[in-house]
Amino acid sequence: MKKSALQRVRAEYQPKLPKALQGPVKLNIGEATESVADQEEIKKLFPHTYGLPIVQFETAEAAERVEEPFNVGIILSGGQAPGGHNVVSGIFDGIKSLNKECRLYGFLMGPSGFINHQYMELTAGYIKDFRNTGGFDIIGSGRTKLETPEQFESGLKILKELNIKALVIIGGDDSNTNAAVLAEYYKNINAGVQVIGVPKTIDGDLKNKWIETSFGFDTACKVYSEVIGNIQRDCNSAKKYYHFIKLMGRSASHIALECALETQPNVCLISEEVLAKRMTLDNIVNYLCYVIAERAKLGWNFGTVLVPEGLIEFIPSMKDLISELNDVLAANGAALEGLTEDEKLEKIHSMLTPVNADLYKSLPKTIALQLSLDRDSHGNVQVSLIETESLLSQMVAKRLEEMAEQGQYSGKFAAQHHFFGYEGRCADPTNFDADYTYALGYNAAMLINSGLTGYMSSVRNLTDTTENWIAGGIPITMMMNMERRHGHMKPVIQKALVNLNGRPYLKYASMRETLALNTLYQYPGPIQYFGPAEVCDRPSMTLLLEHDK
Ligand code: FBP
């Protein structure tokens, strides 16, 4: 692989570890735990891994010799997130620090590699080229769900063949839920295999009291904030466009909120607020038109609007429409095949209940078609494929015309559209993510050596210096509750949506009116890997505010 200058120099970066992990470790065992809700049900479903204690590492006086070398397997699961490669190098360095003969195997292309026995050994020479880089290309990732006993048994065969004592699953809330189910399964059959989870996702929605942030969120938001800042400079220079910028985050609006705190756009929509206030699409459009009309009065026919990717599913009326569309499409797939676009729209329209049919008809044709696209393997609409940013701008343009006719608006409106998502998922990790992921991986190795299973690697106190980060493990069952998924009650890790009583949201809400009716853009600039700590090591605003910093 030909390397860029930055790649060559950045490869030399040595991620910082918390003090507790810098030498031999001692395990501190806390009190027994309970799940966050539905204790009885979760306990029944996880009889062997429920109620485990929180554990924390401390510096030990002397290293305990690890006589027997052991082997570890890893899976990268779901969407890419910056720092995954450093989790891998952290695990590698961690197990090698215990015994040079320990080996690390990577299952290829996500859980499917585990089930289908596709793997490779990760050696020092191979890992070297991936240290401090973004991406998951070291072994690839995939979205196969690891959830059936047949898959667990198939995986167990290869684990036994390779003499693997522990499997590390690096994934989001669903993958870590599955890690807990797998840990329980292996414990129940005495398989002699431990399972450890690592919290990953740029969406930032795998977090709670014990997992302060998922890795990748910091880097992805900084990439998006850089380009939003650049667009804002362009916007303020030419003063002729409204930029509608959609930001990834399948469900929660953490990314949009973080970028708003970093860049101070004129508007940032927050899906969780839309749901809480039971706002309609019209309410949102009217609010945008109010801001645009007020700015026009000041002579400003330009601005920026951040739109979270998942917005459409949080608008109650759209949610109802999408849900009915899911059923209609599932039941009538054959009848819709081969129709022209117009025929398809007409046919679907005729099959919807009157309220949903009206809403469907009111949507721009492109959006109605996007809503009628094939569902993912779980029957869900693929929100990242719906151009919400253009839906909003088209509806705004129409409404502004009406307002102009009624003498309520006299500006000019021209829109530009952007979608930022994939470009942030494989960026080279920030110093924060590089250190955090390396520590999560190294810590996972120590959890394995302590014989634990059903734990998530946890590194906390993240707004303090790396030295003072707290390393340990949290029983995954502790983060679980029961939720209805695809018609059945299932034990799952609670997804963290934007908390409307939390400091990050309240901070943005307190500035909102001022930002809308002024031009107070902030320009964060590109991620810096070398230079003053206040520029290079600063964690996300969300994390700082959540910890009252
Ligand atoms: P994970 O939750 O698996 O980390 O993925 C997050 C995400 O980046 C979402 O923000 C986005 O909606 C989705 O992945 C896109 O998925 P895909 O890569 O399959 O297009």
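Quick caveat: nothing in here was measured; it's all calculated off a predicted structure.

Draft legend 1. Layout of the overall build of the protein. Per the secondary structure count, the protein includes 22 helices and 15 strands. Against the globule reference of 24 Å for 549 residues, the protein gives a C-alpha radius of gyration of 25 Å, in line with a compact fold. Considered along the principal axes of its C-alpha atoms, the protein spans approximately 80 × 55 × 50 Å. Counting over 549 residues, the protein shows a buried share of 56%. Intrachain contacts of the protein at a sequence separation of at least 6 include 78% that bridge at least 24 residues. Of the charged side chains in the protein, 54 are positive and 65 negative, and the gap between their average positions amounts to 3 Å.

Draft legend 2. Structural context of the pattern of salt bridges. All chains considered together, the criterion is met by 18 salt bridges. In this structure, K207 and E546 form a salt bridge, with 2.8 Å as the shortest nitrogen-oxygen distance. Residue K207 is located in the loop between strand 7 (194-199) and helix 8 (217-238), and its partner E546 is located in helix 22 (residues 541-546); the two are separated by 339 residues in the primary sequence. Judged by relative accessible area, K207 falls into the buried class, the value being 12%. The class for E546 is partly exposed, based on a relative accessible area of 31%. Ionic contacts of the salt-bridge type, sharing partners, join the residues D173, D205 and K495 into one network.

Draft legend 3. Structural detail: the packing of helix 11 (residues 281-297) against helix 20 (residues 503-516). At a minimum axis separation of 10 Å, helix 11 and helix 20 run at an interaxial angle of 45 degrees. In terms of orientation, helix 11 lies oblique with respect to helix 20. Contacts between helix 11 and helix 20 involve Y287, Y290, V291 and R295 from the former and R512, E513, L515 and A516 from the latter. When its residues are assigned to classes, the contact of helix 11 with helix 20 shows 5 nonpolar, no polar and 3 charged.

Draft legend 4. Just helix 14 (residues 341-351), in detail. Where helix 14 is concerned, the buried positions are L345, I348 and H349. With its buried residues spanning 105 degrees around the axis, helix 14 presents them on a single face. Check the buried side of helix 14 and you find it contacts helix 13 (316-336), helix 15 (354-362) and helix 16 (365-371).

Draft legend 5. How the structure looks around the confidence of the model for the protein. This prediction gives the protein a mean pLDDT of 95; 98% of its residues lie at or above 70. Overall fold confidence (pTM) sits at 0.95, and the ipTM for the predicted complex is 0.97.

Draft legend 6. Inspection of the site of the ligand at higher detail. As a structural note, the neighbourhood of the ligand is formed by 13 residues, with G79, R143, D203, E309 and Y422 the closest of them. Here R143 contributes a side-chain N or O atom positioned 2.9 Å from an oxygen atom of the ligand. T201 is positioned such that a nitrogen or oxygen atom in its side chain is 3.0 Å from an oxygen atom of the ligand. Relative to its free-state accessible area of 490 Å², the ligand is covered by the protein chains to the extent of 81%. Residues of the shell around the ligand, tallied by class, amount to 3 nonpolar, 4 polar and 6 charged.

Draft legend 7. Broad picture of the sheet that holds strand 7. Across the sheet, which stays open at both edges, the 9 strands sit in the order 1-2-13-12-7-6-3-4-5 with mixed pairing between neighbours. Sheet topology places strand 1 (25-29) and strand 5 (119-121) at the edges, where each strand pairs with a single neighbour. For this sheet the average axis-to-axis angle between neighbouring strands, irrespective of direction, equals 30 degrees. Taken together, the 6 bridges between strand 6 (residues 164-171) and strand 7 define a ladder with parallel strand orientation. Across the sheet, A166 pairs through a bridge with Q194, a residue of strand 7. Sheet strands touched by helix 3 (residues 84-98): strand 3 (71-76), strand 4 (103-107), strand 6 and strand 7. Its angle to strand 4, the strand with the most contacts, is close to 155 degrees. Relative to the sheet, helix 19 (residues 431-449) contacts strand 1, strand 2 (55-59), strand 3, strand 6, strand 7, strand 12 (455-460) and strand 13 (470-475), its axis offset from that of strand 12 by approximately 135 degrees.

Draft legend 8. Inspection of the side chain of S35 at higher detail. By the secondary structure assignment, S35 is in the loop between strand 1 and helix 2 (39-45). Of note is the side chain of S35, whose polar atom sits 2.8 Å from the backbone oxygen of A37. Excluding its chain neighbours within four sequence positions, the residues that come into contact with S35 are I42, Y50, T477, M478 and M480.

Draft legend 9. Representation of the pairing of strand 13 within the structure. Burial runs high along strand 13: 5 of the 6 residues are buried. Where strand 2 lies against strand 13, 2 bridges are found, and the strand directions are antiparallel. Residue pairing across strands places V55 opposite G473, the latter belonging to strand 13. As paired elements, strand 12 and strand 13 share 6 bridges and run antiparallel to each other. Paired with Y455 across the two strands is P475, which belongs to strand 13.

Draft legend 10. Geometry of the environment of I348. With respect to the element layout, I348 can be found in helix 14. The exposure class assigned to I348 is buried, which follows from its relative accessible area of 0%. As for I348 and L325, which are separated by 23 residues in sequence, their C-alpha atoms are 8.1 Å apart.

Draft legend 11. Structural view of the sheet that holds strand 11 (residues 415-420). Strand order across the open sheet formed by 4 strands is 9-10-8-11, with parallel pairing between neighbours. Each end of this open sheet is capped by a strand with a single partner; those strands are strand 9 (267-268) and strand 11. Bridge analysis of strand 8 (residues 242-247) against strand 11 gives 6 bridges, and the strand direction is parallel. Its bridge partner lying in strand 11, F244 is registered against H417. The sheet contacts of helix 17 (residues 388-405) involve strand 8, strand 10 (303-308) and strand 11, and relative to strand 11 the element is tilted by about 160 degrees.

What counts and what doesn't
Residues numbered from 1 in each chain as written. Predicted model: local features only at pLDDT ≥ 70, side-chain atom pairs only at ≥ 80, totals over all residues. Heavy atoms only, no water. Helix = DSSP H or I, 4+ residues; strand = E, 2+ residues; numbered from the N terminus. Rg over C-alpha atoms; globule rule 2.2 N^0.38 Å. Buried < 20%, exposed > 50% of the residue type's maximum accessible area, 1.4 Å probe, protein only. Contact = heavy atoms within 4.5 Å. Lys, Arg positive; Asp, Glu negative; His and termini not counted. Charge placed at Lys NZ, Arg CZ, Asp CG, Glu CD. Salt bridge = Lys/Arg side-chain N within 4 Å of Asp/Glu carboxyl O. Axes fitted to C-alpha atoms, helices over the stretch in contact; angles between N-to-C directions. Parallel < 35°, antiparallel > 145°, perpendicular 65-115°, else oblique. Nonpolar A, V, L, I, M, F, W, Y, C, P; charged D, E, K, R; others polar. Arc of directions from axis to C-beta. pLDDT = per-residue confidence, 0-100. Near = heavy atom within 4 Å. Polar contact = N/O pair within 3.5 Å; in protein donor to acceptor, adjacent residues only side chain to side chain. Areas by Shrake-Rupley, 256 points an atom, 1.4 Å probe, with all protein chains shown as cover. Pairing = 2+ DSSP bridges.

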